[in-house]
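These are the residues of each chain, in order.
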Amino acid sequence: AAAQVALAVLLVHGASLLIASARAVQQVHLGFRPDSTLTVRFNLPEATLRNRSARETLLRRLVADVGQLPGVTAAGLVNALPLQRGRQDLAMAVEGRPFKADGTDPLADYRVVSQGYFAAMGIPVVRGRLFTDDEADARFTPLVISQGLARELFPDGSDPVGQRLRFGPAAPWMPIVGVVAD
């Protein structure tokens, strides 16, 4: 009987810890607004994927049409949702700093997004500005980075806006136009 009481007390204590942990996890700020946000995943036809102009036209029309639906306050595109792995490259460097190529170059999980993404996810700009869809082309890609990446890349506290990054030694330099909350 004593063993059963001890086991029951242990189980009740474990259950209360589990409930407290679940409540604590629900209070964690994710950095984006998950409530009243709808996501849709789709695959484009192969022919559309290969033709950049057709792909951009289709995606812009899709975002514009979704943005006109009743109740929609913002619409945007992203290649990987928050809390899913995005794309990581082996090397990232700030202009003026050489690639180390020894495995210690910074890594960043990055996303390709449209201009409406940050508004749709409720991610505020803390420095600089957001880009417009018309700014990006094959030669020029403006970047918006998180506060966490800004702290990692610029530990001296210098302003990242106006600096340039590239992913890989042969990649083009891309200007940082803004910093958003983590």
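First things first, this report covers the structure right here in the doc. (Residues numbered from 1 in each chain as written. Predicted model: local features only at pLDDT ≥ 70, side-chain atom pairs only at ≥ 80, totals over all residues. Heavy atoms only, no water.)

1. Digging into the overall build of the chain
Which entries qualify depends on this criterion: Every helix listed is a DSSP run of H or I at least four residues long, and every strand listed is a run of E at least two residues long, numbered separately from the N terminus. Each radius of gyration reported is based on C-alpha atoms, and the globular scaling rule is 2.2 Å times the count of residues to the power 0.38.
Summing up its helical and strand segments, the chain has 5 helices and 5 strands in all. Taken from N to C terminus, the helices and strands of the chain fall in the order α-α-α-β-α-β-β-α-β-β. Computed over C-alpha atoms, the radius of gyration of the chain comes to 22 Å, more than 25% over the 16 Å expected from 2.2 N^0.38 for 182 residues, which places it beyond the range of a compact globule. Oriented by its inertia axes, the alpha-carbon framework of the chain measures out at about 75 × 50 × 30 Å.

2. Structural notes on the side chain of Ser114
The condition that has to hold: When a residue's accessible area, from a 1.4 Å probe over protein chains only, is under 20% of the maximum for its type it is buried; when over 50% it is exposed; and in between it is partly exposed. Polar contacts here mean pairs of N or O atoms no more than 3.5 Å apart (in protein, one a potential hydrogen donor and the other a potential acceptor; neighbouring residues in sequence count only if both atoms are side-chain atoms). We call two residues in contact whenever any of their non-hydrogen atoms come within 4.5 Å of each other.
Structurally, Ser114 is set in the loop between strand S1 (92–94) and helix H4 (117–121). Look at Ser114 and you get buried, because its relative accessible area is 8%. A distance of 2.7 Å separates the side chain of Ser114 from the backbone nitrogen of Leu77, its partner in a polar contact. When residues no more than four places from it in sequence are discounted, the contact partners of Ser114 are Gly76, Leu77, Phe131 and Asp133.

3. Some thoughts on the pairing of strand S4 (residues 164–167)
Side chains on a regular strand alternate between the two faces of the sheet. This is how the line gets drawn: Strand pairing requires that DSSP identify at least two bridges connecting the strands.
Note that S1 and S4 share 3 bridges and pair antiparallel. Bridge assignment links Ala93 to a residue of S4, and that residue is Arg166. As defined by bridge partners, S4 adjoins strand S5 (residues 174–180) across 2 bridges and the pair is classed as antiparallel. Note that in S5 the partner of Arg164 across the bridge is Pro175.

4. Digging into the pattern of salt bridges
Quick note on the threshold: Between Lys or Arg on one side and Asp or Glu on the other, a salt bridge is scored when a side-chain nitrogen of the former is within 4 Å of a carboxyl oxygen of the latter.
The tally for this structure, following the rule as stated, stands at 5 salt bridges. For the salt bridge of Glu95 with Arg164, the shortest nitrogen-to-oxygen distance reads 2.6 Å. Here Glu95 is found in the loop between S1 and H4, whereas its partner Arg164 is found in strand S4, with 69 residues between them in sequence. Overall, the relative accessible area of 29% leaves Arg164 in the partly exposed class.

5. Overview of the packing of aromatic side chains
Keep this limit in mind: Side-chain rings of Phe, Tyr and Trp, where Trp is taken by its six-membered ring, are said to pair if the distance between their centres is within 6.5 Å; with planes under 30 degrees apart they count as stacked, over 60 as edge-to-face, and otherwise as tilted.
With the rule as written, the count across this model stands at 2 aromatic pairs. Residues Tyr117 and Phe118 carry aromatic rings whose centres are separated by 5.4 Å and whose planes lie at 70° to one another, so their mutual orientation is edge-to-face. Taking relative accessible area as the criterion, Phe118 reaches 7% and is therefore assigned buried. Ring centres of Phe118 and Phe131 lie 6.5 Å apart, and the angle between their planes is 75°; this geometry places the pair in the edge-to-face category. Here Phe131 lies in the loop between strand S2 (125–128) and strand S3 (143–146) and Phe118 lies in helix H4, a separation of 13 residues in the sequence. Take Phe118 and Phe131: they sit in the same class, and that class is buried. An aromatic cluster is built from Tyr117, Phe118 and Phe131, whose rings are joined through pairwise contacts.

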